[in-house]
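These are the residues of each chain, in order.
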2 protein chains.
Amino acid sequence: MTLRVAIVGLGKIARDQHVPSISAVEGVELTAVASRNAELPGVLNVATIDDLLAHADAFDAVALCTPPQGRHAQAWKALSAGKHVLLEKPPGATVAEIASLETLAREREVSLFATWHSRFSAAVEPARLFLAGTQIRSVRVLWKEDVRKWHPGQAWIWEPGGLGVFDPGINALSIVTAILPEPIFLDRSDLFFPANRAAPIAANLGFASPSGLSVSAEFDWRVTGGETWTVEVDTADGLLRIQNGGRLLDLDGRSMTDEPDLEYQGIYARFRDLCAARSGDVDLSPLQLVADGFLLGRRHEVEAFHEEPAR
Amino acid sequence: MTLRVAIVGLGKIARDQHVPSISAVEGVELTAVASRNAELPGVLNVATIDDLLAHADAFDAVALCTPPQGRHAQAWKALSAGKHVLLEKPPGATVAEIASLETLAREREVSLFATWHSRFSAAVEPARLFLAGTQIRSVRVLWKEDVRKWHPGQAWIWEPGGLGVFDPGINALSIVTAILPEPIFLDRSDLFFPANRAAPIAANLGFASPSGLSVSAEFDWRVTGGETWTVEVDTADGLLRIQNGGRLLDLDGRSMTDEPDLEYQGIYARFRDLCAARSGDVDLSPLQLVADGFLLGRRHEVEAFHEEPAR
């Protein structure tokens, strides 16, 4: 039976990833879109989640691609109506709000899926398997990009709950928490806030673990001329490197991935299977590390950020 | 069998509360103290947790009264040595670090108790019972005190992980999360940082809940001339007021408490029972709300804070 999906929020991530991936995955079909600003041909188009739920027969599941700050109310309505719910990352504006959604999903016997798209990249599963069989010496995360190139005009990302540089950085944390054989937790956090913004433009983090793993991460949005989305793991059997945000994996320079990258197709294949089983998949550890990063963070003020660079 | 307790960190809270409460509770005995700066007559005195664990026969359980920033390492060592562990509030500098302690405690079959002393105040249980049987309209928390009076010289409280005004505020959150019939989560957070400090001196918070409860909280450290530690709950059956941090409870002005306040005695009686059963009690919801408050927080800079007021 085909899973009929309605997308809420037809922004960049929905158009670039969700729409084509739903088309490509067997057993999943896009039947509706709720968006105030945009339409998609060939499906039911409405403005809001409320309008969508007035056409409840048209879909089985909702994919929430709206900014995280308003997502709880939308998810609550959809779950209450007996619809499965997929949450883009981050799953919400706070950690605690997700617990109530999990409870409701269980009561209604529908699926709640908090997605971490980077976990579906080609490098993650082979990296996890390799690290399970070796000794890890240290982990170094470098996640650096140009915010003007990757988040043009995304005002919400600079607002409280929008996470700032943690919006891409949480992708790195979703990889690290998936591949390491033990949990990690923050023990150092330096956050760099532009003088005119409510969210950090860079962060330097240090993590500890029960066995004493050394993990560091540098997130920076001020890097132009090319991205660095890398996780380096120094092990007893060589230097394992995840590059291109999870697309590439190598050990001492020898490639270990040969599969194509299917991040969002992997997400929708898993969502289809979760919905069929009416089970959930909610791992909050990446968002928890971000919340802890703010809790423990030492704030540093840096140069104001303007969307249009000064001439 | 008497539970032999070692206190780590003989600061203000240990002297004011832990030492006398351990004396007062049957079945619990103080046998050791680890402190760099202070000693207590009649018990084993050492400097550090490592020194303490070199005398492992002298105690069964450790009460960690040190600042939260270094507590994880101490708790890890004590649990690894097979000792029960009591954590003063807040239980750690981050939420995620506590999960690894819970796992270890289960493995070693010892007790881990994350304490919230305000939950043992006289008002909490009658308030919880009353609220379970009425309709709640709104909740208003006012938690205001003079930081110079209540936290003199506590430099750690202004450091990252020290929580600032959330150090007392988390007591209010521990009460609110104990008495309300459903979970709450942040939907608004304004944080006021002195220009020269890494932690907030005041916070205004708004919370939501699954059923649409309206909960607000004002924390302020800049109030002189008397404390306000109040939780007001407007209900269909009258205005329920918790005052004096949990010592007093009244409904429309009529007192509903007549028991003496035994916060820390309640803690040690419960710890004794938990250890006898080798079970744990770790509720992180107050700390989670604080972490979410930082995550979602909008920062406002206010006047610099100096321990000695300007003349």
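What counts, and at which threshold
- Residues numbered from 1 in each chain as written.
- Chains lettered and ligands numbered in written order.
- Predicted model: local features only at pLDDT ≥ 70, side-chain atom pairs only at ≥ 80, totals over all residues.
- Heavy atoms only, no water.
- Contact = heavy atoms within 4.5 Å.
- Buried area = accessible area lost by both parts, 1.4 Å probe.
- Salt bridge = Lys/Arg side-chain N within 4 Å of Asp/Glu carboxyl O.
- Polar contact = N/O pair within 3.5 Å; in protein donor to acceptor, adjacent residues only side chain to side chain.
- Nonpolar A, V, L, I, M, F, W, Y, C, P; charged D, E, K, R; others polar.
- Helix = DSSP H or I, 4+ residues; strand = E, 2+ residues; numbered from the N terminus.
- Buried < 20%, exposed > 50% of the residue type's maximum accessible area, 1.4 Å probe, protein only.
- UniProt positions renumbered as here; feature names shortened; annotations may be inferred.
- 1 Å grid on protein atoms, 1.4 Å probe; cavity = no way out; pocket = protein on both sides within 12 Å on 5 of 7 lines; lining within 4 Å.
- Points joined across faces, edges and corners; volume = space filled by probe spheres on them.

1. Describing the interface of chain B and chain A
Buried accessible area, meaning the area lost when the parts come together, often serves as the stated size of an interface. Taken together, the contact pairs 29 residues of chain B with 29 residues of chain A. Each partner contributes to the roughly 2,500 Å² buried at the junction of chain B and chain A, and carbon and sulfur atoms together form 68% of this total. Linking chain B with chain A are two salt bridges. The closest approach of N and O atoms between E159 of chain A and R298 of chain B, which form a salt bridge, is 2.6 Å. Remark: the boundary between chain B and chain A carries six residue pairs in polar contact (both at pLDDT 80 or more). Class assignment of the residues belonging to the side of chain B that touches chain A gives a composition of 18 nonpolar, six polar and five charged.

2. Describing the environment of P20 of chain A
Residues and elements named next belong to chain A. Take P20: it is sitting in helix 1 (residues 12–24). Note on P20: relative accessible area 40%, which makes it partly exposed. Distance from P20 to L30, taken between C-alpha atoms, is 9.7 Å for residues ten residues apart in sequence.

3. Section: the UniProt feature "domain: Gfo/Idh/MocA-like oxidoreductase N-terminal" (unreviewed entry) in chain A
Under the UniProt annotation, the feature "domain: Gfo/Idh/MocA-like oxidoreductase N-terminal" (unreviewed entry) is placed at residues 3–113 of chain A. Overall, residues 3–113 of chain A shows 37% helix and 23% strand. The separation of its end C-alpha atoms is 14 Å.

4. Considerations on empty space enclosed by the protein
Taken as a whole, this structure holds one cavity of 30 Å³ or more when the rule is applied. Within this model, the largest cavity holds a volume of roughly 40 Å³. Taken together, L295 and G297 of chain A together with E159, P160, G161, G162, L163, G164, A198, A199, P200 and F294 of chain B form the lining of the largest cavity.

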